[in-house]
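# Coordinate analysis (summary)
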Amino acid sequence: LQKLIAEFSRSYSGRLLSYANLRYSQGGVYEALGFTLLRQSAPSYSWCHNNGDILSRYQAQKHKLADLLDDFDENLSETENMLAHKYFKSWDCGNLVYVKEL
């Protein structure tokens with residue numbers, strides 16, 4: 001990663017943002033490479049179905065559900081529609097957000 005960042009910084013300047021998924025990392029590699037921790041993001045979610053389908057929360061926004069679900073009900077919320085179609089909400093652990101000035 002250090003070599004990749006060095007090569008990238010030869011062509012670009014500014015700020016480089018990166019995210020450490022807290023499910024897999026505590027961000028040590030970023031700190032070792034001189035990144036600064038900006039913040040920790042809140043946990044987010046995906047929608048999972050027992051048939052193996054996984055939808056991001058962006059794919060399952062209420063205004064997009066009419067195209068995704070067979071019996072979309074405008075009077076129900078995103079959560080109510082997804083639960084009615086046998087999806088369940090799967091939460092992640094959030095991310096550490098790092099920045100490095102190039």
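Scroll up a little and you will see the structure.
Residues numbered from 1 in each chain as written. Predicted model: local features only at pLDDT ≥ 70, side-chain atom pairs only at ≥ 80, totals over all residues. Heavy atoms only, no water.

## Overview of the environment of L4
Structurally, the position occupied by L4 is in helix α1 (residues 2–11). Take L4: its relative accessible area is 59%, and that puts it in the exposed class. A sequence separation of 17 residues divides L4 from N21, and the C-alpha atoms of the two residues are 20 Å apart. (Helix = DSSP H or I, 4+ residues; strand = E, 2+ residues; numbered from the N terminus. Buried < 20%, exposed > 50% of the residue type's maximum accessible area, 1.4 Å probe, protein only.)

## A short note on the state of the cysteines
A complete count under the given rule lists zero disulfides for this structure. The closest cysteine sulfur to the non-disulfide-bonded C48 is located on C93, 14 Å from its own sulfur. Residue classification places C48 among the buried positions, given a relative accessible area of 11%. (Disulfide = S-S within 2.5 Å.)

## Concerning the sheet that holds strand β5 (residues 87–91)
Read across the sheet, three strands follow the order β4-β3-β5 without closing on themselves; strand pairing throughout is antiparallel. The open sheet has two edge strands with one neighbour each: β4 (54–56) and β5. The average angle at which neighbouring strand axes cross in this sheet is 30 degrees, direction not considered. Pairing between strand β3 (residues 45–49) and β5: five bridges, direction antiparallel. (Pairing = 2+ DSSP bridges. Axes fitted to C-alpha atoms, helices over the stretch in contact; angles between N-to-C directions.)

## Quick word on the packing of aromatic side chains
Inspection of every chain in the model, using the stated rule, returns five aromatic pairs. With a centroid separation of 4.6 Å and 25 degrees between ring planes, the pair formed by F8 and Y12 is classed as stacked. Here Y30 and F35 contribute two aromatic rings whose centre-to-centre distance is 5.2 Å and whose plane-to-plane angle is 80 degrees, an arrangement assigned as edge-to-face. Overall, Y30 belongs to the buried group, its relative accessible area being 13%. Members of the aromatic cluster, connected to one another through ring pairs, are Y30, F35 and Y98. It is K89 that lies over the ring of Y45; its NZ or CZ is 4.3 Å from the centre. A cation sits over an aromatic face here: K100 above F35, 5.9 Å from the ring centre. (Phe/Tyr/Trp six-rings, centres within 6.5 Å; stacked < 30°, edge-to-face > 60°. Lys NZ or Arg CZ within 6 Å of the ring centre and 35° of its normal.)

## Describing unusual backbone geometry
A positive phi angle, near 70 degrees, is found at K86, a position not held by glycine. Within the element layout of this structure, K86 appears in the loop between α4 (78–84) and β5. By relative accessible area, which is 60% here, K86 ends up exposed.

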